[in-house]
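Inside the fold
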Amino acid sequence: MDTVDETGDEIQQRSYWRWSKQDFFPEDSFQNWSAYRSALLQTFTRFKNRVISRSEDADEIGELRHQSENEMKRCLSWWDLTWFGFGSVIGAGIFVLTGQEAHEHAGPAIVLSYVASGISSMLSVFCYTEFAVEIPVAGGSFAYIRVELGDFAAFITAGNIILGSVAGNAAVARAWTSYFTTLLNHHPNSLRIHTNLTDGFNLLDPIAVAVIVFTSVIAISSTKRTSFFNWIASALNMVVIFFVIVTGFAHAKTSNLTPFMPHGAKGIFVAAAIVYFAYGGFDNIATMAEETKNPSKDIPLGLLGSMSIITVIYCLMALSLSMMQKYTDIDPNAAYSVAFQSVGMKWAKYLVALGALKGMTTVLLAGAIGQARYATHIARVHMIPPWFALVHPKTGTPINATLLIGLASACIAFFSSLDALASMLSVNSLLISTMVAVALLVRRYYVRGITSRSNLLKLTFFILVIIVSSVGTCAYWGLNPNGWLGYTVTVPLWFLGTLAISVLLPQERTPKVWGVPLVPWFPSLSIAINLFLMGSLEAQAFIRFGICTVAMLIYYIFFGLHATYDMAHQPKKPMSSTISEDMEKARA
């Protein structure tokens, strides 16, 4: 298909399917080796510029969308977003991780683990919703952090978004294969190809690859068509979930809840950090703001509504499992199927497996939509090649970005096991949610050209107090789970840091349509809980995360830094009438 490229009075027809050097590396720094060497010599200066530079709302809503050449189609309502919320979130996490963490860490108190993770998620949802209404673009948290915390912080976010998207899709696809074999009465690994590779990467999974390819193709075809498919599959999945909850409580035994906390509070929070993965995906709704008919109304209804219901569903499912079967007897690999078998409902395991398959399919489908929008906006600022920012004129979807996420996910899913992926995913999700909460505090209390330098310094200091005290609470918990003395220092410090922002600093910006209540308390609590849950994860998760972060920084120094610097310093194009209208709606 052709797209229109306007340059002055000249109008040229350009094919969507193009892959010249200029489509991937149009920046001045990459035109020849001499220009690249010159750029590398300016690395420190450019890095300093990128660290302190921040984007504007208008640039994110208007200017950057020129990079996609075509507009995404506004076709989604709050009803579509609500079902996308169910489709994005309810999948492998609840069906796989609940039994695993109840058996190994939390016992019957797994329900409290879901409550803790649910509170953390809902606080993050509040922050995401305010941003999505104010800055309704495909970039989601990447765009929000770029506006409030700067370009370099946004790059760290972008790297974790893409890493989390790829690894998350791979983990769900691997779980899909395991549940599919349950339907066939085979061992979970029976349909995988056994090799002599390193343990954790030695079971090749062609079925997982096929599922990812299938959902990516649907996502490419049409956003509205994908929404309809997601609605049907999610509705069927909700029927299965209702059956699991009702039947589970019908066969419940209160004696199975004793002992309620076999591994104490530590077991609850270790499990909470892992099952946070089950809430992952809600941010995909924020990335659909560019395709939402009325973002200011539809996003709060869709995002807050779906996540509130999902939190209740998760707690009920976890409680029903714990009351059906003793936690020591719960099968960590197929918890619900084995639990129904233990109460004489062997046939129900097929229904559970089918429900899990439907849930995981919609997670992959909604992920293919949302994650491609992230990649599209990241490409618009040239952190990855701008070829991935292109939107197809006929489908109104970012085909190139969808292929990027889909193919990368398929490669990882082919090799990597679920347990090698899940804990690292929680680190990514919690880190991004923490940065969004910090960005919200900055947005409310700092406006360039209005906030005084002294108030900026106070805000920076108080936010650092909140972060450091939260890290201190987490560290003390890890070193001395049964102690209490350290909390008498860290918790009051967190409280005083938050109180100081509330009392000593004026809010410089008030949300026009919808805002997070109880600012700064809710964002500050989100930071504290997210960091606490991160600290509850095992060291191996941070080692893998650290290796990936080093790889990201190497990429940034040699490519991303120079591409974004050139992009930021090029002349701005005039806005199209469509984008101008969108900006007016965002201001309204």
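Residues numbered from 1 in each chain as written. Predicted model: local features only at pLDDT ≥ 70, side-chain atom pairs only at ≥ 80, totals over all residues. Heavy atoms only, no water.

Condition: UniProt positions are given in the numbering used here, feature names are shortened, and annotations may be inferred rather than shown by experiment.
As recorded in an unreviewed UniProt entry, the protein goes by the name Cationic amino acid transporter C-terminal domain-containing protein, listed as coming from Anisodus acutangulus. A UniProt comment under Sequence similarities (unreviewed entry) is attached to the protein, and it reads "Belongs to the amino acid-polyamine-organocation (APC) superfamily. Cationic amino acid transporter (CAT) (TC 2.A.3.3) family."

**Notes on the overall build of the protein**
What counts is decided by this rule: Strands here are runs of E lasting at least two residues and helices are runs of H or I lasting at least four, both read from the DSSP assignment and numbered beginning at the N terminus. We take the radius of gyration over the C-alpha atoms and set the globule estimate at 2.2 Å times the residue count to the 0.38 power. A 1.4 Å probe rolled over the protein chains alone gives each residue an accessible area, and that area as a share of the maximum for its type sets the label: buried under 20%, exposed over 50%, partly exposed in between. Computed by Shrake-Rupley with a 1.4 Å probe, the accessible areas treat only the displayed protein chains as cover when residues are assessed. Neither His nor the chain ends is counted toward charge; the positive residues are Lys and Arg and the negative residues Asp and Glu. By convention, charge coordinates are those of NZ in Lys, CZ in Arg, CG in Asp, or CD in Glu.
Within the protein one finds 23 helices and four strands. Taking 25 Å as the expected radius of gyration for a compact globule of 588 residues, we find that the protein reaches 24 Å, a close match to that expectation. Projected onto its principal axes, the C-alpha coordinates of the protein cover approximately 75 × 55 × 50 Å. Out of the 588 residues in the protein, the part that is buried amounts to 60%. Total accessible area on the protein is roughly 23000 Å²; 67% of this is exposed by carbon and sulfur atoms. Across the protein, 39 positive and 37 negative side-chain charges occur, with their mean positions spaced 3 Å apart.

**Describing helix 16 (residues 348-380)**
We count it as follows: Here a helix's expected span is defined as the number of its residues, less one, multiplied by 1.5 Å. A residue's bend is simply the angle between two axes: one fitted to the seven residues ending at it, one to the seven starting at it.
Compared with an ideal rise of 1.5 Å per residue, which puts 33 residues at 48 Å, helix 16 spans 48 Å between its outermost C-alpha atoms and is within 8% of the ideal. The axis of helix 16 is deflected most strongly, by about 25°, at Ala-368. Counting buried residues in helix 16 gives 29 out of 33 residues, a clear majority hidden from the surface. Just downstream of helix 16 lies His-382, where phi reads positive at about 70°.

**Focus on the nonpolar core**
Keep this limit in mind: Note on terminology: a nonpolar core comprises buried Ala, Val, Leu, Ile, Met, Phe, Trp, Tyr and Cys residues joined through side-chain atoms within 4.5 Å. Throughout, a residue-residue contact means that at least one pair of heavy atoms, one from each residue, lies within 4.5 Å.
If you look at the biggest cluster of nonpolar residues, it comprises 159 residues, and the most contacted ones within it are Phe-95, Tyr-114, Tyr-128, Tyr-314 and Met-317. Top element by residues in this core is helix 16. It accounts for 16 residues. Ignoring sequence-local partners within four residues, the contact set of Tyr-314 consists of Val-89, Ile-90, Gly-91, Ile-94, Tyr-114, Ala-278 and Tyr-279.

**Side note on the UniProt feature "domain: Cationic amino acid transporter C-terminal" (unreviewed entry) in the protein**
In the numbering adopted here, UniProt assigns the feature "domain: Cationic amino acid transporter C-terminal" (unreviewed entry) to residues 514-563. Secondary structure over residues 514-563 splits into 80% helix and 0% strand, and the C-alpha atoms at its two ends are 35 Å apart.

**As for a nonpolar patch on the surface**
To keep things clear, this is the line we draw: A patch consists of residues whose relative accessible area exceeds 30% and which take part in no salt bridge; residues with like charges are grouped when within 9 Å of each other, and nonpolar side chains (Val, Leu, Ile, Met, Phe, Trp, Tyr) when within 5 Å. What makes a salt bridge here is a side-chain nitrogen of Lys or Arg within 4 Å of a carboxyl oxygen of Asp or Glu, nothing more.
Residues Leu-112, Val-115, Ile-119, Phe-260 and Met-261 make up a contiguous nonpolar surface patch of roughly 370 Å² in combined accessible area. Here Met-261 is to be found in the loop between helix 11 (223-250) and helix 12 (264-275).

**Re the packing of helix 8 (residues 141-148) against helix 9 (residues 151-183)**
Note the cut-off: Comment: axis = line fitted to C-alpha atoms, over the contacting stretch for helices; angle = value between 0 and 180 degrees taken between N-to-C directions. Roughly parallel means an angle under 35 degrees; roughly antiparallel, over 145; roughly perpendicular, 65 to 115; everything else is oblique. Take the far helix as the reference: if the near one is turned anticlockwise from it by less than a right angle, the crossing is left-handed, and if turned clockwise, right-handed.
Look at helix 8 against helix 9: their axes get within 7 Å of each other, and the N-to-C directions meet at 165°. Regarding the angle of helix 8 to helix 9, the classification is roughly antiparallel. Crossing geometry of helix 8 relative to helix 9 is assigned as right-handed. For the pair formed by helix 8 and helix 9, the contact residues are Ser-141, Phe-142, Ile-145 and Arg-146 on the first element and Asp-151, Ala-153, Ala-154, Thr-157, Ala-158 and Ile-161 on the second.

**Details of the side chain of Thr-223**
With respect to the helices and strands, the residue Thr-223 is situated in helix 11. Leaving out residues up to four positions away in the same chain, Thr-223 has contacts with Cys-75, Leu-76, Glu-291, Ile-369, Arg-373 and Thr-397.

**Quick look at the environment of Val-133**
Checked against the element boundaries, Val-133 lands in helix 7 (residues 110-134). Val-133 gets classed as buried once you look at its relative accessible area, which sits at 4%. Sequence spacing of Val-133 and Val-513 is 380 residues, and the spatial spacing of their C-alpha atoms is 7.5 Å. Ignoring sequence-local partners within four residues, the contact set of Val-133 consists of Pro-295, Ser-296, Ile-299, Pro-300 and Val-513.

**What to know about the pattern of salt bridges**
Counted under the stated rule, the structure contains 20 salt bridges. Arg-18 is the salt-bridge partner of Asp-23, the closest N and O atoms lying 2.9 Å from each other. In this pair, the class of Asp-23 matches that of Arg-18, namely buried. In this structure, Arg-443 and Glu-134 form a salt bridge, with 3.3 Å as the shortest nitrogen-oxygen distance. Taken as a pair, Arg-443 in helix 18 (residues 422-445) and Glu-134 in helix 7 lie far apart in primary sequence, 309 residues in all. In this structure, Arg-443 and Glu-134 share a single accessibility class: buried. Residues joined by salt bridges that share partners form a network here, namely Arg-54, Asp-57, Glu-134, Glu-148, Arg-443 and Lys-512.

**Details of the side chain of Ser-117**
Looking at where Ser-117 falls in the secondary structure, it is placed in helix 7. Those residues in contact with Ser-117, other than ones at most four positions away along the chain, are Ala-272, Val-275, Tyr-276 and Tyr-279.

**Focus: unusual backbone geometry**
Look at the link from Thr-258 to Pro-259: it is a cis peptide, with omega at -5°. Looking at where Pro-259 falls in the secondary structure, it is placed in the loop between helix 11 and helix 12. With omega at 10°, the peptide bond leading from Val-519 into Pro-520 counts as cis. Tracing the sequence through the fold places Pro-520 in the loop between helix 20 (487-504) and helix 21 (521-535). Here His-382, not a glycine, exhibits a phi torsion of approximately 70°, which is positive. Here His-382 is to be found in the loop between helix 16 and helix 17 (399-415). By relative accessible area, which is 4% here, His-382 ends up buried. A positive phi angle is found at Leu-518, which is not glycine, with a value near 55°. Secondary-structure assignment places Leu-518 in the loop between helix 20 and helix 21. Judged by its relative accessible area of 55%, Leu-518 is exposed.

**Remarks on the packing of aromatic side chains**
Which entries qualify depends on this criterion: Aromatic contacts are taken between Phe, Tyr and Trp rings whose centres are within 6.5 Å, Trp giving its six-membered ring; a plane angle under 30 degrees counts as stacked, one over 60 as edge-to-face, and the others as tilted.
Scanning the entire structure with this criterion turns up 37 aromatic pairs. Plain terms: the ring middles of Tyr-555 and Phe-559 are 5.3 Å apart, the flat faces sit at 45° to each other, and that makes the pair tilted. One end of the pair is Tyr-555 and the other is Phe-559, both in helix 22 (residues 539-568) and four residues apart, which spans about a single turn. For Tyr-555, a relative accessible area of 31% corresponds to the partly exposed category. With a relative accessible area of 10%, Phe-559 lands in the buried category.

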